[in-house]
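Below are the chains, spelled out letter by letter.
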Amino acid sequence: MVTAVPNPSPGVSQAWRERSHESDGTPPVLEVRGLSKRFPVGGLFGTKYLHAVEDVSFTLDRGQTVAVVGESGSGKSTTARLIARLIPPTAGEILLHGRDVLKEEPRRVSQGYRQQVQMIFQDPFGSLNPIHTVGHHLHRPLQIHKQTHNKRETRERIEDLLATVGLNPPAEFAAKHPHQLSGGQRQRVAFARALAVEPAVLLADEPISMLDVSIRMGVLNLMERLRDERGIATLYITHDIASARYIADETTVMYAGRMVEGAESVELIDEPAHPYTKLLLSAVPNPRSGLAKTTIDARGEVPSLVDPPPGCPFAARCPSVMDVCRQVMPGVERIGGSHWVRCHLYGPGGTLAATGGGVSPARVTTGPLTAPVA
Ligand SMILES: Nc1ncnc2c1ncn2[C@@H]1O[C@H](COP(=O)(O)OP(=O)(O)OP(=O)(O)O)[C@@H](O)[C@H]1O
Ligand code: SF4
Ligand SMILES: [Mg+2]
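Quick notes on the rules
- Residues numbered from 1 in each chain as written.
- Chains lettered and ligands numbered in written order.
- Predicted model: local features only at pLDDT ≥ 70, side-chain atom pairs only at ≥ 80, totals over all residues.
- Helix = DSSP H or I, 4+ residues; strand = E, 2+ residues; numbered from the N terminus.
- Buried ≥ 20, exposed ≤ 12 C-beta atoms within 10 Å, placed from the backbone.
- Contact = placed C-beta atoms within 7 Å.
- Near = placed C-beta within 6 Å.
- Nonpolar A, V, L, I, M, F, W, Y, C, P; charged D, E, K, R; others polar.
- Pairing = 2+ DSSP bridges.
- pLDDT = per-residue confidence, 0-100.
- Expected span 1.5 Å × (residues − 1).
- Axes fitted to C-alpha atoms, helices over the stretch in contact; angles between N-to-C directions.
- Arc of directions from axis to C-beta.

Considerations on the overall build of the chain
When helices and strands are counted, the chain shows 14 helices and twelve strands. Counting only residues that meet the buried cut, the chain has 44% of its 374 residues in that class. Restricting the contact set of the chain to residue pairs at least 6 apart, pairs at least 24 apart contribute 65%.

Next up, the structure:
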């Protein structure tokens, strides 16, 4: 059920409504508008709220991969769990093929939605039942979603799915149990299980972070192939900004529950705008020296999300912090093409002009406030 709370920054969601996404009128496969999640947490003096996700908006088109990067606790998994509808949002809208699913099915999640939106979890072992064979794991979704009509068809489909994710010979893999597989093979089974129901959207939550470095590339290549061959729209959640550049068409950066920057992956990584994105990138080790460039703690913790103070959540760690940053939440500014940023350095947001903050004029956009484009 959607509980109404004041929208933390109504400008973003509103701008989304005004934006015409597709020139031909076809809605994106998935659109998220102003999604927020506040968890109640006990306190001595009554209930407080942990602001895990705040006003997240983005779209996913057919065959598009969008990466969400950010450090631990920034709200990446909560965003995926909200979209998978494993937990209800506090506010916001989720549109699948243009249909407002929270309005149409506010209490119960339909089988159709479960089929269309599939989630891949970080721990492939935890997501498989050790007592069942690989074949059984694939048989279940085929049965529940009535994808096949007889035993032969089911067996062929299972073998097809295993071959698609590179588990050959498929009949042999179908008979194995999860403990007889490597981490990478288990993650491939998780992909095959998700594919069994022919989803439109894959939510891949750190799908390679628990795998050996040597097999990560194979799983990334599999995701790339599924995008290209099957047109699956993928939300790829990761700590690893370098893998986002490799696989994702567009990348968004999350900090303390908010999306703070987004652009085409190459542009975001080559020309980051937000001080936090710059910090994240400066912490990526140089392949030659093995050392990161930064001396600032780029891997620090996000600030307390319980009843957070006003202003930019990155203010305490930001090398460019200004007075206004501690008082006013920055709005979203488009800084060229699909590149947008939420930072007072890049736009008046109605605040910098008033406070006389130090904005570089070359960087201030003159266009209207624009919502995140992912
Ligand atoms: N059920 C819950 N109840 C209370 N707080 C929660 C709950 N689930 C998540 N949180 C909090 O919400 C915040 C965001 O958590 P989330 O798991 O989305 O982060 P994340 O970006 O996925 O982190 P990681 O990279 O470590 O997986 C954290 O502060 C977390 O403690
Ligand atoms: S709004 Fe201010 S504190 Fe936040 S990232 Fe931009 S400059 Fe830094
Ligand atoms: Mg997570």
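Next comes the rest of the write-up.
Brief notes about the site of ligand 2
Every one of the 14 residues lining ligand 2 counts as a neighbour, but Cys-312, Cys-318, Cys-325, Cys-343 and His-344 are closest to it. Here the residues of the shell around ligand 2 sort into eleven nonpolar, three polar and no charged.

Details of the site of ligand 1
Taken together, 13 residues form the shell around ligand 1, and within it Phe-39, Ala-52, Ser-72, Ser-77 and Thr-78 come nearest. Sorting the residues of the shell around ligand 1 by element identifies strand S2 (48-60) and helix H2 (76-83) as the ones contributing at least two each. For the shell around ligand 1, the leading source of residues is H2, giving three residues. Residues that form the shell around ligand 1 fall into these classes: four nonpolar, eight polar and one charged.

Observations concerning the sheet that holds strand S4 (residues 91-96)
Pairing is antiparallel across the open sheet formed by four strands, whose spatial order is S2-S1-S4-S5. Of all strands in the sheet, those with a lone pairing partner are S2 and strand S5 (99-100), marking the two edges. Two strands pair when backbone bridges link them, and strand S1 (residues 30-41) and S4 are joined in this way by five bridges, in the antiparallel orientation. For Ser-36, the partnering residue across the bridge sits in S4 and is Ala-91.

Comments concerning the confidence of the model for the chain
Per-chain confidence: the chain averages 82 in pLDDT, with 81% of residues scoring 70 or above. Across residues 1-22 the pLDDT falls below 50, and counting only partners more than four positions away or on other chains, this stretch makes 48 contacts in the model. Below a pLDDT of 50 lies the segment residues 349-374, which in the model reaches 61 contacts outside its immediate sequence neighbourhood of four places, other chains included.

Here's the deal with helix H8 (residues 183-195)
Structural remark: α-helix, 3.6 residues per turn; residues separated by three or four positions point the same way. Between the first and last C-alpha of H8 there are 18 Å, a value that for 13 residues agrees with the 18 Å anticipated at 1.5 Å per step. Within H8, twelve of the 13 residues are buried, leaving the element largely enclosed by the surrounding structure. Taken as a whole, H8 has its buried residues at Gly-184, Gln-185, Arg-186, Gln-187, Arg-188, Val-189, Ala-190, Phe-191, Ala-192, Arg-193, Ala-194 and Leu-195. The elements touched by buried residues of H8 are strand S6 (117-120), helix H5 (134-144), helix H6 (151-164), strand S7 (201-205) and helix H9 (213-230).

Here we look at the sheet that holds strand S10 (residues 258-264)
A sheet is described by the order of its strands in space; here eight strands give the open sequence S6-S7-S8-S3-S9-S10-S12-S11, paired in mixed fashion. Two strands lie at the open edges of the sheet, namely S6 and strand S11 (333-336), each paired on one side alone. Each neighbouring strand pair of the sheet contributes to a mean axis angle of 20 degrees, computed without reference to strand direction. Pairing of strand S9 (residues 250-255) with S10 involves six bridges; the strand directions are antiparallel.

Some details on the environment of Gly-262
Tracing the sequence through the fold places Gly-262 in strand S10. Owing to 30 C-beta atoms within 10 Å, Gly-262 belongs among the buried residues under this scheme. Residues Gly-262 and Thr-252, spaced ten residues apart in sequence, show a C-alpha to C-alpha distance of 4.1 Å.

Regarding H9
Compared with an ideal rise of 1.5 Å per residue, which puts 18 residues at 26 Å, H9 spans 26 Å between its outermost C-alpha atoms and is within 8% of the ideal. Where H9 is concerned, the buried positions are Arg-216, Val-219, Met-223, Leu-226 and Arg-227. Projected onto a plane normal to the axis of H9, the buried residues spread over an arc of 100 degrees and lie on a single side. Residues of H9 that are exposed and point over 90 degrees away from its buried face: Ser-214, Asp-228 and Glu-229.

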